[in-house]
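Residues per chain, in single letters:
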Amino acid sequence: MDFIIGTSGHIDHGKTTLIKALTGNSTDRLPEEKKRGISIDLGFSYFDLPSGQRAGIIDVPGHEKFVKNMMTGTFGMDMILLCIDSKEGVMPQTVEHLDILRFLNKTEGIVVLTKRDLATDEETEKTIEQVKELVKGTFLENCPICEVDSISKRGLDNLIQMIDSESKNLKQKHAERDYRMNIDRKFNVKGIGTVVTGTLLDGDIHKGESFIYPIEKDINIKNIQVHNKNVNVAHPSQRVALNINLNLDEIDRGYVIAKKNSLKAFNMIDVRLTLLESASPLNHWDRVRLFHGTKEIFGRVVPLDKQVIQPGTQALVQIRLEEKIYAKTSDPFILRQFSPQVTIGGGIIIDGSVRKHKLFDEEIIENLKIKEEGKIKDIILNYLRDEIFPTKIDDLVFYSSESKDKVLKELDELKQEDKVVIRNDKVLEKEAYLKLLGKLKMFVISFHKTNPLLPGINKEELLKKLQLDDDRPFFNYMLKDLNDQEVLMEESGIISSKSHKVQLSDEDEKIRKKMLQDICQNQFDKLLKIDNVVHNQKDKTILGILLQKDVVILRDNFLISKKCYDKFIKTVDDHFNNNKTLNVKELKDMLNMSRKSAITLLETLDIKGYTKRIENDRVKVKDFK
């Protein structure tokens, strides 16, 4: 299993020299870095361990002016080497870097006491005592401490063995999730084009189509390199270089390459924030710098469960950002003071928010706590609780930040418990489903009361009334459910109550027969329009009855009997079985009809998409229903 090691620590505490000793390569690549002898930006290399594993390694700058660059590198690290000068001991950036690593939920690491040949045993022992005090209560509390001198190589073999041993404790990354890579470097290679690099956080990434945020553009990954070798696929916890089809000036550090539609943009995020004991109290609307992935975003703090966040305490907070963020649930973040720029806290993102929250809103606080606990089933039910329409399963996958397989497994259990209704790719809480069923029945019954002479309501009209235009499979499932209950029925696209019967009076029946007779008379020779037979509201209602089974509306509101229309369709279909084209004269002769009627009928087929006009001929586009 490949994994990423990251160095961390105060300026000039031997991080870059240690990496050179481990890998044989210097990670200082910028001219200014080589001139000044300090790391300014991120450096990358790799080496192989005795077990055969390959460890990528990230070198971060230690100077306080470059903490921003340091944070960019730490998000993708699996194991930390906290470097401390054996002679100089714990320094300010040692403390700040450890605070940052704690907030990023790092779990594995080694404390490396560097420059051992320059320190006496007494100085080293003093530093060890400082380290033990520093790491109390952190993920490094029980970690190994290794004494190393990178120049003489003293202790280096021991450190390599420690790294190999500690790597067994690393958790597997989520290969089943959608891939995501935060860009931390970009450059141009002559003859190749634009190359971006980053640490792959989740999922496997392949050559081919991909997507880049926040510019939300389709891209093509032309080539992938891992540790300077071309590969077809890269895996989580690998340092990856991607050759993509964008210009260098179109992208920047902090952009994200991920599967299309796998990330959403938010201007507000709800978080669990821990404020450092060294920080000042945080008040409503304080301006802060938020670091997420490889991006820095300015924002304002809105406490949700307390008015003022005191140093050393935790709080639920909404951060209202000054630009969009593309993040997922449980992503870690770092918070720095706007000015002066010092680290003041960090935590995890609980949810991306689309609406502003107020202080002490108990419902919001409870919802955030449920999501924070991370039980998938509770998260799903909590999400569905406020939904009155079917929800896409993919939306639940995004909201929970879990794999689709896990979400489907939990949904199946909820279905067995009769708590949700699932149809195709949509899901609805059972209680909301029953309410929607009730609404459907109410619409149909109400229609019957208002239109007693009509057999039922048009299915398309009912879909719009229920606002389920985009949920037809779910709507059909509801109809089947109510049909099984002997409540509603569907016939030829008309929905009605099973108890409803149309009963025309003798007078109305006479009108119906007369209207049908008028429409059928000289049918192919002279077509009537709706205005020719409808003169009042009762006529309109009776025509509605005829349109259910006996009459068809053509182009420009012309009417034709269903019997004649079926004959017309059969005649045209038979013609196309033996001919490639059909014109007005041919149809006119086949059915002994007027030219005007032939044109109206053919234009109706064009509108319905069955035929297409090419000059004076028609060609068949699709089969007739």
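Remember, it's a predicted structure, so these values are computed and weren't measured experimentally.

Asks: For this particular structure, what's the right way to read the sheet that holds strand β22 (residues 343-353)?
Replies: Across a sheet, paired strands are connected by hydrogen bonds in the backbone, their directions being either parallel or antiparallel. Ordered in space as β17-β20-β19-β18-β21-β22, the six strands form a closed barrel in which the pairing is antiparallel. Each neighbouring strand pair of the sheet contributes to a mean axis angle of 40°, computed without reference to strand direction. When strand β21 (residues 332-337) meets β22, the two strands line up antiparallel, connected through five bridges. Directly across from Arg336, in β22, lies its bridge partner Thr343. On top of the sheet, helix α7 (residues 362-373) reaches β17 (265-275), β20 (314-326) and β22; it is set at about 100° to β22, its chief contact.

Asks: What's the story with the packing of helix α1 (residues 15-23) against helix α6 (residues 156-166) in this structure? I'm lost.
Replies: Two numbers describe a pair of packed helices, the interaxial angle and the distance between the axes. Viewed as axis vectors pointing N to C, α1 and α6 meet at an angle of 85°, and their least axial separation amounts to 11 Å. On the basis of the axis angle, α1 is roughly perpendicular to α6. Where α1 approaches α6, its residues Leu18, Ala21 and Leu22 are matched on the opposing element by Leu156, Leu159 and Ile160.

Asks: Is there a simple way to think about the packing of aromatic side chains in this case?
Replies: Geometry of an aromatic ring pair is reported as the spacing of the ring centres plus the angle between the planes. Scanning the model with the defined rule gives 11 aromatic pairs in all. Measuring from centroid to centroid gives 5.0 Å for Phe211 and Tyr213, while their planes differ by 70°, and the two rings are edge-to-face. Using a relative accessible area of 8% as the deciding quantity, one classes Phe211 as buried. A residue is classified by how much of its surface remains accessible, and Tyr213, at 2% relative accessible area, is buried. Through a chain of ring-to-ring contacts, the aromatic side chains of Phe211, Tyr213 and Tyr326 assemble into a single cluster. Here the guanidinium or amino end of Arg239 rests over the ring plane of Phe44, the centre of that ring lying 3.7 Å away.

Asks: When you look at the side chain of Arg272 in this model, what are you seeing that I'm missing?
Replies: Relative to the helices and strands, Arg272 is located in strand β17. At a separation of 2.8 Å, a polar atom in the side chain of Arg272 contacts the side chain of Glu372. Other than its neighbours up to four places away in sequence, Arg272 contacts Asp305, Gln314, Ala315, Leu316, Phe333, Gly346, Gly347, Ile348, Ile350 and Glu372.

Asks: Would you mind showing me how to read the domain arrangement of the chain here?
Replies: Frequently, the measure chosen for interface size is the accessible area that the parts lose on association. Domain annotation of the chain identifies domain 1 (3-168), domain 2 (180-258), domain 3 (264-368), domain 4 (375-503) and domain 5 (506-620). Computed from C-alpha atoms alone, the centre-to-centre distance between domain 2 and domain 4 is 42 Å.

Asks: Would you mind going over the sheet that holds strand β34 (residues 617-620) with me for this structure?
Replies: One open sheet accounts for three strands, arranged β32-β34-β33; its pairing is antiparallel. Taken across any chain shown, the strands that pair with only one partner, and hence form the sheet edges, are β32 (581-583) and β33 (611-614). Between one strand axis and the next, the sheet turns by 35° as a mean value, whatever way the strands run. Two strands pair when backbone bridges link them, and β33 and β34 are joined in this way by four bridges, in the antiparallel orientation. Residue pairing for β34: Ile614 is matched across the bridge by Asp617. In the packing of helix α17 (residues 562-578) onto the sheet, the strands contacted are β32, β33 and β34, and the crossing angle to β32 comes to about 135°. Across the sheet, helix α18 (residues 584-591) lies against β32 and β34, angled at about 75° from β32, the strand it touches most.

Asks: Which parts of the structure should I look at to understand the pattern of salt bridges?
Replies: Considering all chains together, one arrives at 49 salt bridges under this definition. In this structure, Asp218 and Lys260 form a salt bridge, with 3.2 Å as the shortest nitrogen-oxygen distance. Pair noted here: Asp218 is in strand β12 (residues 217-226) and Lys260 is in the loop between β16 (256-258) and β17, with a separation of 42 residues, a long-range link. Among the salt bridges present, the one from Glu603 reaches Arg555, with a minimum N-O distance of 2.7 Å. In this pair, Glu603 sits in helix α19 (residues 595-608) while Arg555 sits in the loop between β30 (551-553) and β31 (558-561), placing the two residues 48 residues apart along the sequence. By relative accessible area, which is 24% here, Glu603 ends up partly exposed. Taken together, the shared-partner salt bridges connect Lys377, Lys409, Glu413, Glu417 and Lys419 into one network.

Asks: When you look at the nonpolar core in this model, what are you seeing that I'm missing?
Replies: What tends to happen in soluble globular proteins is that the nonpolar side chains get buried as a cluster. Ranked by size, the top nonpolar core spans 30 residues in total, and within it Leu282, Ile319, Ile325 and Leu335 carry the most contacts. Only α4 (92-103), β17, β18 (287-292), β19 (295-303), β20, β21 and β22 provide two or more residues apiece to this core. Of the domains in this structure, domain 1 (3-168) and domain 3 (264-368) are the two that each give at least three residues to this core. The next biggest cluster of nonpolar side chains, apart from the first, holds 25 residues, and it includes Leu437, Leu462, Leu463 and Leu468.

Asks: Honestly, the environment of Pro214 in this entry has me stumped. Any pointers?
Replies: Residue position: Pro214 is located in the loop between β11 (208-213) and β12. It is 7.7 Å that separates the C-alpha atoms of Pro214 and Lys324, two residues lying 110 residues apart in sequence. When near neighbours in sequence (up to four residues on either side) are disregarded, Pro214 contacts Tyr255 and Tyr326.

Asks: Explain the side chain of Ser150 here, please?
Replies: Mapped onto the elements, Ser150 comes out in the loop between β6 (145-147) and α6. A residue is classified by how much of its surface remains accessible, and Ser150, at 9% relative accessible area, is buried. If we skip the residues at most four places from it in the chain, Ser150 touches Thr17, Leu18 and Ala21.

Analysis parameters
- For every chain, the first residue of its written sequence is number 1, and the numbers climb from 1 along that sequence.
- Restriction of local features to residues with pLDDT of at least 70 applies here, the model being predicted, together with a cutoff of 80 or more for giving and counting side-chain atom pairs; totals for whole chains, interfaces and linings are based on all residues.
- Side-chain numbers come from the whole structure's heavy atoms, not from hydrogens or water.
- Note on pairing: two strands pair once DSSP finds at least 2 bridges between them.
- Here a helix means four or more residues in a row that DSSP labels H or I, a strand means two or more in a row labelled E, and each is numbered from the N terminus.
- Every axis in this analysis is a line fitted to C-alpha atoms, fitted for helices over the stretch in contact. Angles between the N-to-C directions lie between 0 and 180 degrees.
- Note on contacts: a residue pair is in contact if any heavy atoms of the two residues lie within 4.5 Å.
- Angles are sorted into four bins: roughly parallel if under 35 degrees, roughly antiparallel if over 145, roughly perpendicular if 65 to 115, and oblique for all others.
- Working definition: a ring pair exists when centres of Phe, Tyr or Trp rings (six-membered ring for Trp) sit within 6.5 Å. Plane angles under 30 degrees give stacked, over 60 give edge-to-face, the rest tilted.
- We call a residue buried when its accessible area falls under 20% of the maximum for its residue type, exposed when it is over 50%, and partly exposed in between, using a 1.4 Å probe and counting protein chains only.
- A ring is scored as having a charge over it whenever the NZ atom of a lysine or the CZ atom of an arginine sits within 6 Å of its centre and within 35 degrees of its normal.
- Each polar contact in these results corresponds to two N or O atoms within 3.5 Å; when the atoms are within protein, one needs to be able to donate a hydrogen and the other to accept it, and residues that are neighboring in sequence are counted only if both atoms are side-chain atoms.
- In this document the domain limits rely on a domain assignment from an automatic tool or a database.
- Salt bridges are counted wherever a side-chain nitrogen of Lys or Arg sits within 4 Å of a carboxyl oxygen of Asp or Glu.
- The definition of a nonpolar core used throughout is a set of buried Ala, Val, Leu, Ile, Met, Phe, Trp, Tyr and Cys residues joined through side-chain atoms within 4.5 Å.

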